[in-house]
Amino acid sequence: MRRKITVVGAGFVGSTLVQRLAERDYADVVMFDIVPNMPQGKALDIMQAGPVLGFDTQVTGTNDYADTVGSDIVVITSGFPRKPGMTRDDLVKKNQEIVSQVTEQVVKYSPDCIIICVTNPLDAMAQIALKVSGFPRERVLGMAGVLDTARFRTFIAQEVGASVRDVQAYVLGGHGDTMVPLARMCTVAGVPISQLISPERIEEIVQRTRDGGAEIVKLLGTGSAYYAPSASVLQMVDSIMLDKKMIMPCAVYLQGEYDIHDLFVGVPAQIGSKGLEKVIEIELNPSEREQLTKSADAVKELVHVMGI
Ligand code: APR
């Protein structure tokens, strides 16, 4: 029998992820949404690409959580978009409600699954999923760092005219304005970027990375990024499904690592079939450490707004 992945939320991020997963051909996929018929329609459409592209993935669209039963991985992308006039705190509360409900339901049907949270504000939502699920921290992860790092790598590769594959980088911290792109550890084929790019340009690229999501929101006019976000989730799912043990920046529940306690913050993590297999502690300099602490404080504030 094939393994099973559920994606909750059949919006832009969710349905693009389902398309990417279907093309992987290593698990059947269930796509859940509260909107009637829509996930069913998208599922059919995605599956009908199978004969052309050569995959046999069964894709099921549903409005019934019973169809998600026995999932190995559940990705939560359901959420409310920020509307004009809504404060950040309003958005937190609205999405807190959605992520709580969703977590309760998926856990009922898939008590052994690994949850990957994508809904924003990411770190706070992962915290909710952990609390409501009652899962150990190994089985609740948040996707943000892979995306932020991908943006950073894209800009670096463009700057030096290199292949993105040769650019290694880390972006740590919460998924927001306070994220910490670790320029000091960024290399192009092993060469530190400080030898290739001026400090001023590096600072500009770091800032563009921090504003990466907003730049796209502004260009789109309505909605937010989904191609790179879905690809970033896919990398995490790959590492779990294929037990690749890749190290990538993920939002994980820290219990003392980096001197951060009981909070989801983005750090390098080893991801395998058990979910979080190891938090990688890299030595930070005082300025990086200070930035990471500041970023963790911003997450703490959101968690405080949610009252958990
Ligand atoms: N249960 C299931 N699905 C829900 C629920 C719920 N309680 N509430 C809303 N949804 C669904 C909506 O019907 C919609 O189809 O979630 C989907 C969200 O999709 P989009 O609005 O297209 O948002 P998207 O661009 O996919 O982003 C989803 O990921 O990157 C983050 O910030 C982004 O939080 C946002 C999330």
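Conventions and cut-offs
- Residues numbered from 1 in each chain as written.
- Predicted model: local features only at pLDDT ≥ 70, side-chain atom pairs only at ≥ 80, totals over all residues.
- Heavy atoms only, no water.
- Helix = DSSP H or I, 4+ residues; strand = E, 2+ residues; numbered from the N terminus.
- Expected span 1.5 Å × (residues − 1).
- Buried < 20%, exposed > 50% of the residue type's maximum accessible area, 1.4 Å probe, protein only.
- Phe/Tyr/Trp six-rings, centres within 6.5 Å; stacked < 30°, edge-to-face > 60°.
- Lys NZ or Arg CZ within 6 Å of the ring centre and 35° of its normal.
- Near = heavy atom within 4 Å.
- Polar contact = N/O pair within 3.5 Å; in protein donor to acceptor, adjacent residues only side chain to side chain.
- Areas by Shrake-Rupley, 256 points an atom, 1.4 Å probe, with all protein chains shown as cover.
- Nonpolar A, V, L, I, M, F, W, Y, C, P; charged D, E, K, R; others polar.
- UniProt positions renumbered as here; feature names shortened; annotations may be inferred.
- Contact = heavy atoms within 4.5 Å.
- Core = buried A, V, L, I, M, F, W, Y, C linked by side-chain atoms within 4.5 Å.
- Salt bridge = Lys/Arg side-chain N within 4 Å of Asp/Glu carboxyl O.

**So, helix α6 (residues 145-160)**
Compared with the 22 Å implied by 1.5 Å per residue over 16 residues, the 22 Å span of α6 between its first and last C-alpha is a close match. For α6, the set of buried residues is Gly 145, Val 146, Leu 147, Asp 148, Thr 149, Arg 151, Phe 152, Phe 155, Ile 156 and Ala 157. Directly beyond the C-terminal end of α6, a positive phi value near 70° is found at Gly 161.

**Comments concerning the environment of Gly 307**
Locating Gly 307 in the fold gives a position in the segment after α10 (286-306). Through-space distance from the C-alpha of Gly 307 to that of Lys 93 is 9.6 Å; in sequence the pair is 214 residues apart.

**Considering the packing of aromatic side chains**
Inspection of the entire model under this criterion finds 4 aromatic pairs. A ring pair is formed by Phe 12 and Tyr 226, whose centres lie 4.8 Å apart and whose planes are at 40°; its orientation type is tilted. Here Phe 12 is found in helix α1 (residues 12-24), whereas its partner Tyr 226 is found in the loop between α8 (212-220) and α9 (227-241), with 214 residues between them in sequence. Taking relative accessible area as the criterion, Phe 12 reaches 57% and is therefore assigned exposed. On the numbers, 3.9 Å between centres and 20° between planes, the contact of Phe 32 with Tyr 65 is stacked. Highlighted residues: Phe 32 in strand β2 (residues 27-32) and Tyr 65 in the loop between β3 (59-62) and β4 (73-76), separated in sequence by 33 residues. Grouping aromatic residues by their ring pairs yields a cluster made of Phe 12, Tyr 226 and Tyr 227. A cation over an aromatic ring shows up here: Lys 94 above the ring of Phe 80, its NZ or CZ 5.2 Å from the ring centre.

**A look at the site of the ligand**
For the ligand, the set of nearby residues contains 20 residues, the closest of which are Phe 12, Val 13, Asp 33, Thr 77 and Asn 120. Between an oxygen atom of the ligand and a main-chain N or O atom of Gly 79, the distance comes to 3.4 Å. Coverage of the ligand by the protein amounts to 83% of the 740 Å² it exposes when considered alone. Elements with a contribution of two residues or more to the shell around the ligand: α1 and α4 (88-109). No other element matches α4, which puts 3 residues into the shell around the ligand. Classifying every residue of the shell around the ligand by side-chain character gives 11 nonpolar, 8 polar and 1 charged.

**Some remarks on the UniProt feature "domain: Lactate/malate dehydrogenase N-terminal" (unreviewed entry) in the protein chain**
Taking the numbering used here, the UniProt-annotated feature "domain: Lactate/malate dehydrogenase N-terminal" (unreviewed entry) corresponds to residues 4-142. Taken as a whole, residues 4-142 contains 44% helix and 19% strand, while its terminal C-alpha atoms sit 19 Å from one another.

**A look at α1**
Compared with the 18 Å implied by 1.5 Å per residue over 13 residues, the 19 Å span of α1 between its first and last C-alpha is a close match. Among the residues of α1, those classed as buried are Val 13, Gly 14, Ser 15, Thr 16, Leu 17, Val 18, Leu 21 and Ala 22. Buried positions along α1 lie against β1 (3-8), β2, α2 (38-47), β3, β4 and α9. Once α1 ends, the next one or two residues include Asp 25, with phi positive near 65°.

**Some words on the nonpolar core**
Formed by 84 residues in total, the largest nonpolar core has its most connected members in Leu 21, Val 75, Ile 116, Val 237 and Val 252. No other element matches the 7 residues that helix α5 (residues 122-133) contributes to this core. Among residues more than four places away in sequence, those in contact with Leu 21 are Ile 5, Val 7, Tyr 26, Val 29, Thr 57, Leu 234 and Val 237. One finds Phe 152, Ile 156, Ala 157 and Ile 205 within the second-largest nonpolar core, a separate group that totals 16 residues.

**A word on the pattern of salt bridges**
Within the structure shown, the criterion is met by 13 salt bridges. Among the salt bridges present, the one from Arg 2 reaches Asp 25, with a minimum N-O distance of 2.8 Å. Of the two residues, Arg 2 sits in the segment before β1 while Asp 25 sits in the loop between α1 and β2, which places them 23 residues apart along the sequence.

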